Structures are given as structure tokens and as C-alpha cells.
Amino acid sequence: MGETTDGSQRQEEPQLVADLLVSRLKAWGVGRIFGYSGDGINPLMGALRRAGGPEFIQARHEENAAFMAVGHAKYTGEVGVVVSTQGPGAIHLLNGLYDARMDSVPVVALIGQQSLSVLGSAYMQEVDLMHLFRDVASGFRQQVSSPEQAPLVIDRAFKEALATRTPSVVILPHDVQQAQAPELDQEHGVLSTSPVWRPAMVLPRPDDVQAAADVLNKGRKIALLVGQGARGAQEQVVALAEKLGAAVTTSLLGKPYVDESHPLAAGVMGHLGTSASGFVLANCDTLLIVGSNDPWTEFYPPPGAARAVQVDIDPAAIGNRYPVEVALPGEAAATLDALLPLLAERGESVWRSDVEGAVRAWHDLSLERAFTPANPVNPERAVHEISLRLPENAQVAVDVGSSVYWYARQLRLPPGVPAHLSSTLASMGCAVPYGIAAKLAHPDRPLIALAGDGAMQMAGLTELITVSRLWTQWSDPTFIVCVLNNRELTEVTWEQREMESEPRFEDSQALPEFSYAGYADLLGFEGIRVEDPELLGAAWDRALAAGRPCIIEVVSDPDIPLLPPFPGGRAQAESMMQAMEKEGPQTQHARDLLSVYVRQEEALDEG
């Protein structure tokens with residue numbers, strides 16, 4: 001019995017399975033759920049209302065809600081939770097769930113379904129959800145077919161997501177959500193589970209650690225490739241680099257976990273990486289891979305050119321990208337702690353001097369490129385200017401497209417500043433949903449998002465409506481989206497030129513004009529349009545001081561080339577030039593810029 005406002009007694013409402021599910025989510029420490037409602041999930045929505053939490057964040061689209069759940073997991077280290085109805089709502093989740101799977105973050109999706117009594121009848125919005133999510137949630141996907149099954153399915157979904165860092169899917173038929181919550185007794189066929197999970201401490205065998213030390217001690221030109229698996233081993237990575245005089249390169253996902261002000265930090269590797277990383281990986285004789293599964297294999301040392309050791313929490317990931325001599329399955333920090341005492345101190349060396357010189361040359365090159373004249377604004381300059389002003393407590397979200405290149409090459413992250421993007425899936429439209437999740441997790445920290453106009457038109461604009469609903473609740477309302485507006489799907493254009501020697505295809509690449517700064521004004525944000533590169537610094541200063549969300553619309557030049565670092569980039573540059581010659585005289589500006597970038601790379605390569 002409960003008490004009403006006048007003191008009289010009232011009958012408590014019977015607890016439903018939906019209420020039990022919400023209680024279980026709380027037991028797992030879930031404070032926030034992202035999603036979009038619908039009839040298939042309405043009982044769960046009612047239970048959330050009755051319980052007063054977890055907080056429900058309504059996105060504008062289920063795909064973006066899934067990205068928010070992934071972003072929550074990336075910025076907090078917790079499980080991201082997303083909710084949708086059946087049919088189209090469930091289908092929309094796939095892109096975000098694949099983002100979670102491919103970037104190895106834990107997400108649980110709670111998905112409504114038609115009642116058990118109509119399944120198999122081709123009912124409205126009936127989709128075979130177990131089959132639909134078979135690949136993306138291969139670790140755990142389960143339909144709750146009885147009330148007694150609900151607690152154990154939730155528990156197993158969270159445990160699997162945490163243990164394997166992949167998405168789990170729980171399918172909730174409408175009538176099961178509405179059923180009365182069971183009292184679980186000790187009987188055959190009924191399981192009582194608990195919402196408890198702790199990670200194991202995984203360490204390699206001592207003889208393998210010694211074998212790894214033997215390889216590294218014999219190396220003369222050592223390089224580290226650091227991925228997101230080193231997120232808890234930043235101090236050990238620096239200590240190891242200093243002891244061995246080793247260069248440190250990173251994957252895109254590993255970039256936030258290395259102090260890029262260090263003289264041995266050579267930056268991001270790969271197609272969109274730095275000239276210093278290109279030098280390091282082309283010349284090293286020993287490679288230590290720490291928590292990385294980066295797919296840019298053509299930028300690794302040629303197979304056989306370097307002896308390799310790999311540290312990874314997942315033994316199955318070791319040796320997948322490069323031939324490895326010694327496998328060290330284990331948690332990065334503890335494994336490096338075991339390895340460090342076995343390594344010989346190097347002191348100064350020719351290799352260390354060469355690496356530090358390559359790093360200085362890369363810094364000079366990135367500055368030169370930021371100030372290379374463009375029509376009207378060089379996008380590298382836009383990112384360079386925020387790099388000079390990035391608050392030490394900022395959070396950064398990056399979209400997919402040409403903006404990733406400028407993030408990798410121009411943005412220096414202060415230690416402790418998280419930056420995330422859809423790296424392995426590389427799905428456009430993630431930056432604003434990620435930024436919302438980051439801001440909700442840490443409302444006292446400024447959020448900076450970098451996006452191209454293609455990504456904004458795909459998903460970012462709609463979720464800025466969500467920002468307009470939420471921002472007044474944040475203790476620090478700074479939510480800045482820098483839109484690089486070049487009216488072009490720039491990365492696709494340059495990829496066609498590079499990989500296919502194909503001319504630009506206007507119908508495919510050109511984007512419609514849109515006033516992003518004007519849209520900001522419409523939403524009650526600060527809107528700033530920049531057409532003069534000399535005004536970029538003032539625009540960032542104004543945005544950081546605005547006291548409200550802001551869109552900086554940078555009218556940028558689509559002809560700034562997305563040139564891979566040399567020595568590997570020579571063939572790509574030739575292919576780009578051939579494609580633009582086919583396009584005709586209108587590409588003269590782009591060809592001139594490409595020639596400038598090639599000369600700069602050649603000068604570095606020769607040096």
C-alpha cells in the first residue's frame with residue numbers, strides 16, 4: 001500500500017516486467033539512455049517515467065541515438081544504452097551499433113518487438129530482429145520470451161558488452177514488457193543472476209615478456225604504434241619511448257592517449273597521417289604495437305623489414321596487421337610495467353636525433369600548410385587556430401571526411417583532452433551526436449566538434465535541434481561546431497582521383513548551399529561565418545566566449561589536397577594529377593596546390 005497526498009492509503013500498481021527492466025538498468029549503474037520512442041517500446045517508456053530515471057535523451061533519429069550511446073561509452077568508459085521500437089526504429093540502429101562493434105566499445109540496445117502472439121504473421125513492422133542483428137551483435141543477442149527470463153538477459157547483455165567491448169542486443173516483445181514481474185524462486189529452469197562484473201587482470205607469461213625485451217634490446221631504430229588499447233598506459237608509453245629512444249606513432253583512435261608535445265611523438269600514421277609518422281615507419285627496424293589494430297597496412301614497415309612485438313588485451317588481434325615475432329597478450333599498462341625493467345637504457349642515438357628532427361620538420365610543415373593561401377580559406381588554418389586556443393578541459397568530437405585529415409595533422413590535444421570519432425566504420429554524421437553524449441556526461445566542460453558540410457547535412461543539422469533543447473541545462477554552455485563548408489564531398493572527390501584516376505563527378509560530389517551560421521541564429525545559437533582566414537582567430541575567441549552554443553561556418557577551399565605522407569604518397573599524387581588533367585582547365589587551382597604540397601613533401605623526404 002502507498003500513501004496519497006491527503007494521507008489516505010492507495011493500492012500500489014503491480015510491477016511490470018518493464019519496471020523490472022528499469023530497476024535492472026539502475027543496478028548496472030545506467031544513468032542515461034538515448035533513443036526514440038514508439039509503440040513497441042512504450043511499456044518501457046512508461047516504466048522510465050514511473051521510476052524517474054535513468055534519464056531519457058530523445059534524439060531526432062534512431063541512428064543518431066545509437067551514435068550518442070557509442071559516444072557515451074567512448075567519453076565515459078561506461079556502457080552506452082540505446083532504446084528503439086521495432087521495425088524501422090530497430091533498422092536505423094544498425095549503423096551506430098556497427099560503429100560500436102568496429103571501434104570496440106560496449107553498448108546495449110533495448111529494442112521493442114511486436115507481441116509474441118503475432119510473430120510469424122507478417123504483422124505490421126514485424127522484422128526478424130534476431131536475424132537482423134546476427135552479425136553486429138554476434139556476441140549476445142536475445143529475445144526475452146518470458147517474464148522470468150528478463151533479469152538474466154539484461155545481466156548477460158551487460159556482461160558480454162563489457163567483457164568483449166561489443167554491442168549486445170535485447171529484444172523485448174510488447175506483451176512480455178506488459179506482463180507482471182515475476183518472483184524468482186529456486187526451481188528447475190529458472191535462473192537468478194546478478195548485475196556484477198569486474199575486468200580480469202591479464203598479463204603475458206614472463207618468458208614471453210623476456211623474449212619481447214630481447215627483440216627490443218637488439219633493435220637500433222625502434223618505433224611504437226599506439227592505439228586506444230593504451231588509454232590507461234600513457235605514462236608507461238612515455239617511459240618506454242624515453243628509455244629506448246623510440247619514436248611514437250599513433251592510430252587515429254590512439255591519438256588522444258599520447259602527449260603530442262613530446263619530441264618523440266611523430267603523430268598519427270596512415271593515409272591521413274603525418275610526414276613524421278611516414279618517416280618513422282618507413283625507416284624503423286623494430287616495431288612495438290600497443291593496443292592498436294590500425295588497418296592502414298600499406299603504411300606499416302614492409303613485411304620483414306622490422307622485427308615486431310605486439311601487446312593487446314585480445315590475443316586474437318595479435319599479428320592481424322603485421323607479422324609479429326613475439327605476442328604479449330595482456331592489459332597494456334601492466335604489460336609495459338613488466339617489460340620496462342628488462343629494457344636497456346639507450347641515451348642519445350642517431351635514430352633518436354633523426355626522429356626528433358622529423359618531428360620538428362612535421363611541425364614546420366603543418367604550420368606552413370595552415371598558412372598556404374587558399375580560396376577563400378584553408379581548412380587547415382581553421383583547425384590550427386583552435387589548436388592554439390583549445391581549453392585544457394575541452395572535449396573534442398570529430399566527424400568523418402576531410403575534417404579527419406585536419407584533426408590528425410593540425411590539432412594538438414592537451415593531455416587529458418578526449419577526442420573521438422567513428423574511426424574504423426568511418427561513418428559520416430557522428431560528430432554532433434558524439435558531442436551531445438560528451439556534453440551530457442561532462443556538462444561543465446567545453447565541447448568542440450569538427451565537421452564537414454556533407455556530414456552536417458547528413459545528420460548534424462537535425463541533432464543541433466536536440467542541442468537547442470538541452471543546452472540551457474549545462475553549467476558550461478560552450479558547444480562549438482566548426483563546419484568546414486566547401487560545398488563538396490571533398491574526401492570522396494580526392495579518393496576518386498587518387499584510387500581510380502577518375503575525374504570529379506559533379507552530380508555525385510557537389511553539395512547544396514546552406515547557411516550554417518544562419519541556422520545557428522534560427523536555433524538561438526551564435527552563428528559566425530568566416531570567409532577571411534585572418535578572421536579565424538577572432539571567430540574562435542568569440543565562440544569560446546559566447547555563453548551559448550555556436551556554429552563557426554568556415555567557407556573553405558575544396559582544392560586543398562588530401563595528400564598521403566611521403567614516401568608512399570608519390571604514386572597517389574601522380575594519380576591525382578592525372579585525374580585532374582582529365583577534368584580540364586577548371587582544376588588549375590587544385591593542381592597548383594597539389595604541386596605545392598608535393599614539393600613540400602619532397603623537400604622533407606630529401607632532408
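On a predicted model such as this, the values are computed, not experimentally measured, just so you know.

About the criteria used
All chains use their own residue numbering, which begins from 1 and follows the written sequence. Confidence filtering applies because this is a predicted model: local features only for residues at pLDDT of at least 70, side-chain atom pairs given and counted only at 80 or more, and all residues used for totals across whole chains, interfaces and linings. Values shown for side chains rest on all heavy atoms present in the structure; no hydrogens or waters enter the calculation. Each helix is a run of H or I in the DSSP string that is no shorter than four residues. Each strand is a run of E no shorter than two, and both are numbered from the N terminus. For the radius of gyration, the atoms used are the C-alpha atoms, and the globule rule reads 2.2 Å times the number of residues raised to 0.38. Only protein chains enter the accessibility calculation, which uses a 1.4 Å probe; a residue is then buried when its area is under 20% of its type maximum, exposed when over 50%, and partly exposed in between. By definition, residues are in contact when any of their heavy atoms lie within 4.5 Å. Computed with a 1.4 Å probe, the accessible areas rest on the Shrake-Rupley method; for each residue, only the protein chains presented here act as cover. The positive count covers Lys and Arg only, the negative count covers Asp and Glu only, and His and the chain ends enter neither. Where a charge lies is defined by one atom per residue type: Lys uses NZ, Arg uses CZ, Asp uses CG and Glu uses CD. Pairing of aromatic rings covers Phe, Tyr and Trp, the last through its six-membered ring, and needs centres within 6.5 Å; plane angles under 30 degrees mean stacked, over 60 mean edge-to-face, and all others mean tilted. Charge-over-ring contacts are defined here by two conditions on Lys NZ or Arg CZ: a distance within 6 Å of the ring centre and an angle within 35 degrees of the ring normal. Here, a strand pair is defined by DSSP locating no fewer than two bridges between the strands. In this analysis an axis means a line fitted to C-alpha atoms, helices contributing only their contacting stretch, and an angle means the value between N-to-C directions, from 0 to 180 degrees. UniProt positions are given in the numbering used here, feature names are shortened, and annotations may be inferred rather than shown by experiment. Residue-level confidence of the predictor is summarised by pLDDT, bounded by 0 at the bottom and 100 at the top. Patch membership requires more than 30% relative accessible area and the absence of a salt bridge. Residues of like charge join within 9 Å; the nonpolar side chains Val, Leu, Ile, Met, Phe, Trp and Tyr join within 5 Å. By salt bridge we mean one thing: a side-chain nitrogen of Lys or Arg within 4 Å of a carboxyl oxygen of Asp or Glu. When we speak of the arc, we mean the arc of directions from the helix axis to the C-beta atoms.

Novice: Is there a simple way to think about the overall build of the protein chain in this case?
Specialist: Counting its secondary structure elements, the protein chain contains 23 helices and 20 strands. Scaling as 2.2 N^0.38, a compact globule of 607 residues should have a C-alpha radius of gyration of about 25 Å, and the protein chain matches this with 26 Å. The buried share of the protein chain, taken over its 607 residues, is 58%. Taking the intrachain contacts of the protein chain between residues at least 6 apart in sequence as the baseline, contacts between residues at least 24 apart amount to 73%. Accessible area of the protein chain: about 23700 Å², with a carbon and sulfur share of 50%. Computed over 45 positive and 77 negative side-chain charges, the separation of the two mean positions in the protein chain equals 3 Å.

Novice: Just to check I follow, could you spell out the packing of aromatic side chains for this structure?
Specialist: Here a ring pair, both rings aromatic, is described through the centre-centre distance and the interplanar angle of the planes. Tallied over the entire structure, the rule returns nine aromatic pairs. Taken together, a centroid distance of 6.2 Å and an interplanar angle of 80° make the contact between Trp296 and Phe299 edge-to-face. Under the relative-accessibility criterion, Phe299 is labelled buried at 12%. Here the aromatic rings of Trp474 and Phe479 are separated by 5.8 Å at their centres, their planes lie at 25°, and the arrangement is stacked. Of the two residues examined, Trp474 and Phe479, each falls in the buried class. Three or more aromatic residues link up through ring pairs in this structure, and these residues are Phe514, Tyr516 and Tyr519. The ring of Tyr407 has Lys255 sitting right over it, with the charged end atom 5.1 Å from the ring centre. Stacked on the ring of Trp362, the Lys or Arg Arg412 has its end atom at 4.5 Å from the ring centre.

Novice: I keep staring at the sheet that holds strand E3 (residues 32-35) and nothing clicks. Help me out?
Specialist: Two modes of strand pairing occur in sheets, parallel and antiparallel, and in both the strands are linked by backbone hydrogen bonds. In spatial order, the strands read E4-E3-E5-E6-E8-E7; together these six strands make up an open sheet with parallel pairing. The open sheet has two free edges, formed respectively by strand E4 (55-58) and strand E7 (141-143), since each of these has just one partner strand. Pairwise comparison of adjacent strand axes, ignoring direction, gives a mean angle of 20° for this sheet. Pairing analysis gives three bridges linking E7 to strand E8 (residues 167-173), with the strands arranged parallel. By the bridge assignment for E8, Gln142 is matched with Val170. Most of the contacts of helix H7 (residues 150-164) go to E8, to which it runs at about 165°, and overall it touches strand E5 (80-84), strand E6 (107-113), E7 and E8.

Novice: In this structure, what is going on with the UniProt feature "domain: Thiamine pyrophosphate enzyme N-terminal TPP-binding" (unreviewed entry) in the protein chain? I would like to understand it.
Specialist: Within this structure's numbering, the places UniProt gives as "domain: Thiamine pyrophosphate enzyme N-terminal TPP-binding" (unreviewed entry) are residues 17-131. Annotated as residues 17-131, this span is 46% helix and 17% strand, and its ends, taken at the C-alpha atoms, are 24 Å apart.

Novice: Could you clarify how one ought to interpret the confidence of the model for the protein chain in this entry?
Specialist: Regions with low pLDDT carry predicted coordinates that are not meant to be interpreted in detail. Of the residues in the protein chain, 97% reach a pLDDT of 70 or more, and the chain-wide mean stands at 94. Segment residues 1-11 is flagged for pLDDT under 50; beyond a separation of four residues in sequence, or across chains, it makes twelve contacts in the model.

Novice: What's the story with a negative patch on the surface in this structure? I'm lost.
Specialist: A contiguous patch of negative charge, built from Glu148, Glu183, Asp185 and Glu187, is present on the exposed surface. For Glu183, the position within the fold is in the loop between helix H8 (174-178) and helix H9 (206-218). According to the relative accessible area criterion, Glu183 is exposed, its value standing at 72%.

Novice: Explain the UniProt feature "domain: Thiamine pyrophosphate enzyme central" (unreviewed entry) in the protein chain to me, please; I cannot follow it from the model alone.
Specialist: The positions UniProt marks with the feature "domain: Thiamine pyrophosphate enzyme central" (unreviewed entry) are residues 209-339. The span residues 209-339 is 29% helical and 21% strand by assignment, and the distance between its end C-alpha atoms comes to 6 Å.

Novice: Would you explain the pairing of E5 in this entry?
Specialist: Taken residue by residue, a regular strand's side chains alternate between the two faces of the sheet. The buried count for E5 comes to five of five residues, which makes it a mostly enclosed element. The alternating pattern of E5 places Gly80, Val82 and Ser84 and Val81 and Val83 on opposite faces, both of which are buried. Sheet analysis places E3 next to E5, joined by two bridges and oriented parallel. The residue of E5 that forms the bridge with Gly35 is Val83. Summarising the sheet, E5 and E6 pair through five bridges and their orientation is parallel. Paired with Val81 across the two strands is Val108, which belongs to E6.

Novice: Explain helix H18 (residues 490-500) to me, please; I cannot follow it from the model alone.
Specialist: Residues that lie three or four places apart on an α-helix share one face, since the helix turns once every 3.6 residues. Burial in H18 covers these residues: Thr490, Glu491, Thr493, Trp494, Arg497 and Glu498. All buried residues of H18 lie within an arc of 160° about the axis, which places them on one face of the element. Pointing more than 90 degrees away from the buried face of H18 are the exposed residues Met499 and Glu500. Tucked into the core, H18 has its buried residues touching helix H15 (402-410), helix H19 (506-509), helix H22 (570-583) and helix H23 (588-606). At the C-terminal side of H18, Ser501 shows a positive phi close to 50°.

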